[in-house]
Amino acid sequence: MKPLSLTQIQTLLHSSIRHQQTSEELLHQIKEAPPIPLRRRISIYQDAYRIRLSECIREDFVETCDLMGKAH
């Protein structure tokens, strides 16, 4: 498979993070680097992104999060 441009790789990674899915096209662009398997490395990015967004929401919208927490 031919190498993609940086923009194309960024688009694939962004989609992977947003949709919590990893395309084969993206996997072919990333170098395997043991000891962590490639799919696991991508899942770390996916999880970290979601966690950071949640932290930002909690920090910026404290009262809203408090109200939502009480509703659930």
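Only a predicted model underlies this, so the values are computations on that prediction, with no experimental measurement involved. (Residues numbered from 1 in each chain as written. Predicted model: local features only at pLDDT ≥ 70, side-chain atom pairs only at ≥ 80, totals over all residues. Heavy atoms only, no water.)

Draft legend 1. Summary view of the overall build of the chain. Looking only at helices and strands, the chain features 4 helices and 0 strands. In terms of overall dimensions, the chain has C-alpha extents of about 50 × 25 × 15 Å along its principal axes. The burial tally for the chain puts 15% of its 72 residues in the buried class. The long-range fraction of contacts in the chain, counting pairs at least 24 apart against all pairs at least 6 apart in sequence, stands at 36%. Of the roughly 6000 Å² of accessible surface on the chain, a fraction of 59% belongs to carbon and sulfur atoms. (Helix = DSSP H or I, 4+ residues; strand = E, 2+ residues; numbered from the N terminus. Buried < 20%, exposed > 50% of the residue type's maximum accessible area, 1.4 Å probe, protein only. Contact = heavy atoms within 4.5 Å. Areas by Shrake-Rupley, 256 points an atom, 1.4 Å probe, with all protein chains shown as cover.)

Draft legend 2. Summary view of unusual backbone geometry. A cis amide bond links P34 to the next residue, P35, at an omega of 15 degrees. Secondary-structure assignment places P35 in the loop between helix 2 (24-27) and helix 3 (38-60). Within the chain, Q20 stands out as a residue other than glycine whose phi angle is a positive 55 degrees. Topologically, Q20 is positioned in the loop between helix 1 (6-19) and helix 2. Q20 gets classed as partly exposed once you look at its relative accessible area, which sits at 36%.

Function cannot be read off these values alone, since they describe shape.
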